[in-house]
Amino acid sequence: MKLTIDNLDGNGAQDYSQAVVASDKFLIERRLNEPSLCSFTLAPTALNLANPARYGRVVAAEDSGVILFTGYVLEEPAILMVGQSSSGAAAQVKVSAVSDEVLLDTQPLPQSMAGVSAQANQLLQGLNARLGVAGISFALAANNGTIGHFSADAARNWSRNAGALASIARSAYRVLNGTVMMMPVGSVVHTLSEADGTLQLSALEASMVKALANDITVCGEKEPGAYVTEFFQGDGSTVLFDLTDEPYFPPASKTKPLIDLFQEPAINTQIWQVNDSGSHFSLTANGLTCAGGDGIDGDTTLCTVNQLEMGGSLVIEAGGVQFGSTTQGVLNGVYNGAVSIPNCFAGFQITQPNGTTVISPLVNGAVAGSTFTPLAGHMYTLRLRIYCSEMQRVLQAYNSIDDSGAHTYGGLFLNSGGSILLEVQDTTNGVAAAPVILYSGSTNNLPGALKFALINSANLQCSIASLEISQHGPVWVVSTPPGAGPVVRRLGTTAEGADCKIERSGKLRFYPTSIPQAG
């Protein structure tokens, strides 16, 4: 075996193989979906070697060159006085190192949306992309299965999240020599034999494990328990209506899965997937700026890394939108498949017939509803609302293995209908005008998860100051005035030009300008 340590003192990696104390155990400990540990004892002074330093780079390899462990010394090595030699006091150094993912663990995880109905490999690569750490490569199995739902926990480090993801996929991850590996459990078989020394019965250790349980109770957070439809009659003055039951709301920490003010030096690739071979996207004083495209639908796009789950009440809001002289493409759209107009489930199509910019609602790949003509020099908010009575649309996937092979359960979509509303609001100089509804309708088949693209530019000339995605509980308010048809009431704040809000205390409150009329 060969052991090298780079103490980062400018001398490079030094060979410590001859300094290893053979009487103490040299241990490389690999636990399932956790960082690997390497511990050993050295006598470096006998060979005029420096004591290993904190943060030193440790590499252990076989004589054949096969690397067994790479990592870093995280704690100051313990120095033990063991006696006296002709040159003075004799000391030994106990060293403990942690594998390479410790570099990833030191980076805080940024905000990210949950991954739904995605390959485990894709989610693991996305977890790394959000950290922006260079020098990390991947050696992943071709197909580690589809994960129904995975949300990275920002309160935990990279290895905890990677371990949780690998466990869901019934896989094992490891980081060795700067390479992240993830393979299905059971894909590597080790043969133990007394003949070749790989099995030493005297070294086996026994420990007590918990007995198998026939019944397991899992307790989690609150979730929707029933569908409730309530009817109230307005009198022209009442603004507050008490609901029979307290409505379901997701935790406050999860109501804003994505906010981007586009104020960083460059587009945040931890959030956005950029497809822009012509360098048409940039960040300017006006925010995210698009200066054209190659004229082909779906070639120049800015999409979120993960899909959006179409559950509950989603509000996708592109704020501070300004248009240039020539413009053609789609803004603030969700897509059922590849980003292209035929796959656009809902979005805002921007065209310029006869030299005048026109905003048209795009639903199921076709223009529907009313159009809107923005004024030159004005600033607008494009707001897409999607409602579904089901809060969870994608079921989690579970993996198991038996004598017949691997099996996957779950991971399916819950079928549901939904409602769609597209609106435009003039917000020039910070003054919010009344929103203009371009489309309000419903569908019997709302996809469980859709890809969100803020920009799909064939030749868009525009800028966007901010993007905010909000997810609320499955609540939807409709008014039916006497002698008229149902009208969707917009939920939100007065700044958004909304009509009402549903409070967590179980009350429906209308704003003074939107009080339901008598009857």
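The structure contained in this document is the topic of the report that follows.

Some words on the overall build of the protein chain
Tallying secondary structure elements over the protein chain gives 3 helices and 37 strands in all. With the C-alpha coordinates aligned to their principal axes, the bounding extent of the protein chain is approximately 105 × 60 × 45 Å. When burial is assessed residue by residue, the protein chain has 43% of its 519 residues classed as buried. If you take every contact in the protein chain between residues at least 6 apart in sequence, the share linking residues at least 24 apart comes to 66%. Summing over all exposed atoms, the protein chain offers an accessible surface of approximately 26,700 Å²; the carbon and sulfur share of this is 51%.

Overview of unusual backbone geometry
Generally, phi is negative for residues other than glycine and the peptide bonds are trans, each holding for most cases. In this structure, Leu8 takes a positive phi of about 60° despite not being glycine. Along the chain, Leu8 falls in the loop between strand E1 (2-6) and strand E2 (13-15).

Focus: the sheet that holds strand E14 (residues 240-242)
Here 3 strands make up an open sheet; going across it, the order is E14-E37-E36 and the pairing antiparallel. The two strands at the open ends of the sheet, each matched to only one other strand, are E14 and strand E36 (500-503). Adjacent strand axes in the sheet meet at a mean angle of 20° when their direction is disregarded.

Things to note about the packing of aromatic side chains
The full count for this structure, using the stated rule, is 8 aromatic pairs. Between Trp272 and Phe452, the ring centres sit 6.4 Å apart and the planes meet at 45°, which makes this aromatic pair tilted. Residue Trp272 is located in strand E16 (residues 272-275), and its partner Phe452 is located in strand E31 (residues 449-457); the two are separated by 180 residues in the primary sequence. Like Phe452, Trp272 is buried. Both rings, one in Tyr387 and one in Trp476, keep their centres 5.0 Å apart while their planes meet at 20°; by these two values the pair is stacked. Here Tyr387, found in strand E26 (residues 380-387), pairs with Trp476, found in the loop between strand E33 (466-472) and strand E34 (477-479); they are 89 residues apart in sequence, far enough to count as distant. For Trp476, a relative accessible area of 22% translates into the label partly exposed.

Notes on the pattern of salt bridges
Scanning the entire structure with this criterion turns up 13 salt bridges. Linking Lys507 and Asp242 is a salt bridge whose minimum nitrogen-to-oxygen distance equals 2.6 Å. Placement of Lys507 in strand E37 (residues 507-510) and of Asp242 in strand E14 is noted, with a sequence separation of 265 residues between them. Look at Lys507 and you get partly exposed, because its relative accessible area is 27%. Residue Asp242 is classed as partly exposed on the basis of its relative accessible area, which comes to 48%. Between Glu468 and Lys256 there is a salt bridge, and its shortest N-O distance comes to 2.5 Å. Of this pair, Glu468 sits in strand E33 while Lys256 sits in the loop between E14 and strand E15 (258-260), and the two are 212 residues apart along the sequence. A network of salt bridges, in which partner residues are shared, links Glu317, Arg383, Arg385, Glu423, Arg490 and Asp499.

Overview of the side chain of Ser360
Within the secondary structure, Ser360 sits in strand E24 (residues 358-363). Judged by relative accessible area, Ser360 falls into the buried class, the value being 7%. Apart from residues lying up to four places away in sequence, Ser360 is in contact with Gly347, Phe348, Gln349, Val367 and Thr371.

Section: the nonpolar core
Burial of nonpolar side chains together is a common tendency in soluble globular proteins. Residues Trp272, Leu331, Val334, Leu454, Ile455 and Leu467 are the most contacted members of the largest nonpolar core, which totals 46 residues. The element best represented in this core is strand E21 (residues 313-323), accounting for 5 residues. Leu124, Phe150, Trp158 and Met182 belong to the second-largest nonpolar core, a separate cluster that totals 19 residues.

Things to note about the sheet that holds strand E10 (residues 137-140)
The 3 strands are arranged E10-E13-E12 in an open sheet whose pairing can be described as mixed. With one partner strand each, in any of the chains shown, E10 and strand E12 (171-176) form the two edges of the open sheet. Across the sheet, the mean angle separating the axes of adjacent strands is 15° when strand polarity is ignored. Helix H3 (residues 158-168) contacts E12 and strand E13 (179-184) of the sheet and is inclined by roughly 145° relative to E12.

Description of the environment of Pro361
Summarising the element assignment, Pro361 is placed in strand E24. Among the residues examined, Pro361 registers a relative accessible area of 0% and is labelled buried. Sequence spacing of Pro361 and Glu423 is 62 residues, and the spatial spacing of their C-alpha atoms is 8.6 Å.

Rules used throughout
Residues numbered from 1 in each chain as written. Predicted model: local features only at pLDDT ≥ 70, side-chain atom pairs only at ≥ 80, totals over all residues. Heavy atoms only, no water. Helix = DSSP H or I, 4+ residues; strand = E, 2+ residues; numbered from the N terminus. Buried < 20%, exposed > 50% of the residue type's maximum accessible area, 1.4 Å probe, protein only. Contact = heavy atoms within 4.5 Å. Areas by Shrake-Rupley, 256 points an atom, 1.4 Å probe, with all protein chains shown as cover. Pairing = 2+ DSSP bridges. Axes fitted to C-alpha atoms, helices over the stretch in contact; angles between N-to-C directions. Phe/Tyr/Trp six-rings, centres within 6.5 Å; stacked < 30°, edge-to-face > 60°. Salt bridge = Lys/Arg side-chain N within 4 Å of Asp/Glu carboxyl O. Core = buried A, V, L, I, M, F, W, Y, C linked by side-chain atoms within 4.5 Å.

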